[in-house]
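# Descriptive analysis of the structure
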Amino acid sequence: MARAVERAIERRGYLVAEAGTGTGKTLAYLVPAVLSGRRVIVSTATKTLQEQLWQKDIPLLRDACGLEFGAAYLKGRSNYFCLARGEEFARAPTFAAREEAALWPRIEAWARRTETGDRSEIDLPDQFHTWKDLSATSENCLGRECARYEECFVTRARALAAQADVLLVNHHLFFADLAMRTSRAGVEILPEHEVVIFDEAHAVEDVATEYFGLQVSSYRVEELSRDALRAVADRPDLASMMRETTGELRKAGERFFQAVADGLRQGGTPARGRGFGPPPRRRPARREEEEGVKAALTPAVMEGAQRDLARLDESLAGLRELLADAVTPSLSQIARRAGELRVEVAAVTAMKEPSRVYFGEVRGRGVFLRAAPIDVAEELRERLYQRTDTAVFTSATLAAQGRFDFFRRQVGLLPELEVEERRFEGPFDYARQAALVSPEGLPEPNDPGFVRAAAESIRALTAVTGGRAFVLCTSNRNMNAFHEACRDLPYQVLRQGDRPKSRLLDEFRSEPSVLFATASFWEGVDVPGEALSLVIIDRLPFAPPGDPVMSARLRALEEEGRDGFSELQVPAAALALRQGFGRLVRTREDRGLVAVLDRRLVTKGYGRAFLATLPRCPLLRTVEAARRWWLGG
Ligand code: SF4
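Before going into details, it helps to say that this report is about the structure given with it. Computed from a predicted structure; not experimentally measured.

## A short note on the packing of aromatic side chains
According to the stated counting rule, one finds 25 aromatic pairs in the structure shown. Taking 5.9 Å as the distance between ring centres and 10° as the angle between the ring planes, the aromatic pair formed by Phe 175 and Phe 198 counts as stacked. With a gap of 23 residues between them, Phe 175 in helix α9 (residues 171-183) and Phe 198 in strand β5 (residues 195-198) connect regions that are remote in the sequence. The class of Phe 198 is buried, set by a relative accessible area of 0%. Ring-pair connections join several aromatic residues into one group, and the members of that group are Phe 174, Phe 175, Phe 198, Phe 212, Phe 393 and Phe 407. We note Lys 132 situated over the ring of Tyr 219; from NZ or CZ to the ring centre the distance is 5.0 Å. Residue placement shows Arg 363 over the ring face of Phe 368; its charged tip is 4.4 Å from the ring centre.

Structure below.
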């Protein structure tokens, strides 16, 4: 692999390399990258891998190989403590919850002594709402106009990044930078670079989709109102006017997003009668509470929200006008944000561009409206490949049925481009170390009896391995139902969301356990050894049928006369299944079972595409056969 990366860098070309777990792919690309003498960006999907590269691999190259080079890492701005906002917050701290207030003295002490301001230095809970007030985003950072700009942690991290030969970032930051460079001229986050290496490249399409689009949300309106009030804390002449204006804005935002949320829940049926009082608030059904709602934004969905949209637009215009003559950086920034938000709300709700898919999401307390490109490949060709002639894409899962066509289509690496494709097998002997179980007799996953029957299978399978199992579900609903049905198992029973992820994993490793989880444990989780001997997957991970982005992409393929099911849905789901499978075998000594409770794996013709994408290993059809295989090892 190192030779292939070296060749790609030398000939200024593209390499797509699938490298199984345990191949040592990080060193295989870092060594030629460092030796090339060119400026390289390494981008990962997860912060976990970014941290592993920074803490293990880079020091190893320096110490064990004696290579000398400058390296730095850079995270998104909101990972760093913002001196300006932190100072403002400290004047009158307010917290969403008492537990958060209890952490404040520790944060203050850390903020005084930290050299980097990187949040990962201080062990804060994953969900720590106050962090929003202590960090900045590209929207609310004052940039060069900030009084703390020179000493700012972000400025310092970027200065180090500008000196580095190898810079570590994550895909979010990489594509945020690319989107800004190619839309707002002159705005850049990352330094100039000649080579980019995407590790965990299977996530590139999703992240690019997110950043090449637009997003407005109820949170953005709330934050703008809050920041506007804070910004006039020392301006008594503006305070009362600002209270009134932001009060209006808050109300208009709440009503607008509530009306859209109702429209989305009703699948495009207007949420209210026209002109008869406030919108009726429909209590979300239990399923919606569990999964949230994601649906296409259509004129019908928007119909019930038009009046509130006009009010929101007026309120944003009012805020902008109020601060039109502002001279201080913080006030003119609020005016700019109000103007930008107004333009973006108008663009998303107008739904005019045929190359985009418009959709809305209701998640927890938030409502998000988004416009995303239907064809990311096209955007990548224009924005990435025209500027960067050397790129390496690597991951443990890129090839569907042994081929890269699907991945190349996703990221716009056209057949006419010269792209080297390589697969590097890992050191694991799956035929010996793993077996796939597809228990006979289960109903199809949409059958009303599925959950009960699948729960029985979970009980029987976990008895084979003495717990030590992940049950990976494709929905919160199934996760909760299986968890409920298996609470009395004679092992420690854990569920995603009940505790922070790192604590759940520590507890999982400490004694025989069964962990019920969804997407966030599906990839990037590493539990080597006996602690994880069984991975149960509830159903083939097809994107949900109503997913607006998937639907728009399927329509686009059909318009070209192509078959979206076999060209898009099946390979995407097969690769996702392989990610889940990949949790099982992490070392040469690991041995275990992967059970797929979705009978379509063996009863449908397309099941063959899934089987051909998974590592080759024995296929067992009963729990009894699984027991014999397990005991025979
Ligand atoms: S430059 Fe931005 S991130 Fe840095 S201290 Fe100022 S507002 Fe905060």
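From this point, the discussion proceeds with the structure in view.
## What to know about the site of the ligand
Lining the immediate surroundings of the ligand are Cys 82, Leu 83, Ala 84, Ala 136, Cys 141, Leu 142, Gly 143, Cys 146 and Cys 152. Cavity membership is defined here by more than half of the atoms lying within 2 Å of grid points; on that basis the ligand lies in the second largest pocket. Across the shell around the ligand, the residue classes tally to eight nonpolar, one polar and no charged.

## Notes on the packing of helix α12 (residues 236-265) against helix α15 (residues 306-322)
Contact geometry for α12 and α15: axes closest at 8 Å, N-to-C directions at 155°. It follows from the interaxial angle that α12 and α15 lie roughly antiparallel. The two elements α12 and α15 meet at a crossing, and its hand is left-handed. Contact residues: α12 offers Leu 238, Met 241, Met 242, Thr 245, Glu 248, Leu 249, Lys 251, Ala 252, Gly 253, Arg 255, Phe 256 and Ala 259, while α15 offers Asp 308, Leu 309, Arg 311, Leu 312, Ser 315, Leu 316, Gly 318, Leu 319 and Leu 322. Classifying every residue of the contact of α12 with α15 gives 12 nonpolar, four polar and five charged.

## With respect to the pattern of salt bridges
Taken as a whole and assessed by the stated rule, the structure comprises 56 salt bridges. Residue Lys 294 pairs with Asp 547 through a salt bridge whose shortest N-O separation is 3.1 Å. Placement of Lys 294 in strand β7 (residues 293-296) and of Asp 547 in the loop between β16 (534-537) and α23 (548-559) is noted, with a sequence separation of 253 residues between them. On the basis of relative accessibility, which here comes to 14%, the residue Asp 547 falls in the buried class. Here Glu 567 ties to Arg 562 by a salt bridge, and the two come within 2.8 Å at their closest N and O atoms. Exposure remark for Glu 567: the relative accessible area of 22% places this residue in the partly exposed category. The network of salt bridges with shared partners includes Arg 85, Glu 139, Arg 220, Asp 227, Arg 337 and Glu 344.

What counts as what
- Residues numbered from 1 in each chain as written.
- Predicted model: local features only at pLDDT ≥ 70, side-chain atom pairs only at ≥ 80, totals over all residues.
- Heavy atoms only, no water.
- Phe/Tyr/Trp six-rings, centres within 6.5 Å; stacked < 30°, edge-to-face > 60°.
- Helix = DSSP H or I, 4+ residues; strand = E, 2+ residues; numbered from the N terminus.
- Buried < 20%, exposed > 50% of the residue type's maximum accessible area, 1.4 Å probe, protein only.
- Lys NZ or Arg CZ within 6 Å of the ring centre and 35° of its normal.
- Near = heavy atom within 4 Å.
- 1 Å grid on protein atoms, 1.4 Å probe; cavity = no way out; pocket = protein on both sides within 12 Å on 5 of 7 lines; lining within 4 Å.
- Sits in = over half its atoms within 2 Å of the grid points.
- Nonpolar A, V, L, I, M, F, W, Y, C, P; charged D, E, K, R; others polar.
- Axes fitted to C-alpha atoms, helices over the stretch in contact; angles between N-to-C directions.
- Parallel < 35°, antiparallel > 145°, perpendicular 65-115°, else oblique.
- Left-handed = near helix turned anticlockwise from the far one by under 90°.
- Contact = heavy atoms within 4.5 Å.
- Salt bridge = Lys/Arg side-chain N within 4 Å of Asp/Glu carboxyl O.

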